[in-house]
Amino acid sequence: MLVRFSGVVGLAVLCLRSFVSAETTREQFVSLAASHGGVIKLNSKTFDAITASNRDWSVAVQLTALGPQMKCEPCSIFKPNYDAVAQAWRKVPKEKRDYHFFATLDFSEGQEVFRR
């Protein structure tokens, strides 16, 4: 009986641990922003996630076409300024910073989004 009880308790603790350690979507974006200089690089799937209607954060998304085959000169000119604003946003206190994100979606990574 004790062995069965300890097995059930162990399973419950394991399930709880995996539930508690699972990051929320917002926390995942916080981590991505922190590890990429403040700008989250998106693809079609992450674009849909970061712009979902049931979110508790705001986001500024830069749509670009930076590939050499596209030759988007305005994209190339605007990118350093956008990156600088995102970098400056990292200085905002965490309780505000972690509820607004800067992201970029390049045509090469999100053609599906550009076709919408």
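Preceding this section is the structure that the text describes.
Residues numbered from 1 in each chain as written. Predicted model: local features only at pLDDT ≥ 70, side-chain atom pairs only at ≥ 80, totals over all residues. Heavy atoms only, no water.

A. Focus on the side chain of Asp98. Following the sequence through the fold, Asp98 ends up in the loop between helix H5 (94-97) and strand E3 (100-106). Looking at Asp98, its side chain comes within polar contact range of the side chain of Arg97, at 3.4 Å. If sequence neighbours within four positions are ignored, Asp98 has contacts with Arg26 and Val30. (Helix = DSSP H or I, 4+ residues; strand = E, 2+ residues; numbered from the N terminus. Polar contact = N/O pair within 3.5 Å; in protein donor to acceptor, adjacent residues only side chain to side chain. Contact = heavy atoms within 4.5 Å.)

B. Structural view of the side chain of Ser44. Of note, Ser44 is situated in helix H3 (residues 44-50). Other than its neighbours up to four places away in sequence, Ser44 contacts Leu105, Glu109, Gly110, Gln111, Glu112 and Val113.

C. Focus on the pairing of E3. Along E3, 7 of the 7 residues are buried, which leaves the element largely enclosed by surrounding structure. Taking every second residue as pointing to the same face, both faces of E3 are buried, with His100, Phe102, Thr104 and Asp106 on one and Phe101, Ala103 and Leu105 on the other. The pairing of strand E2 (residues 58-64) with E3 spans 7 bridges and is classified as parallel. Bridged to Val61 within E3 is Ala103. (Buried < 20%, exposed > 50% of the residue type's maximum accessible area, 1.4 Å probe, protein only. Pairing = 2+ DSSP bridges.)

Geometry only, nothing functional implied.
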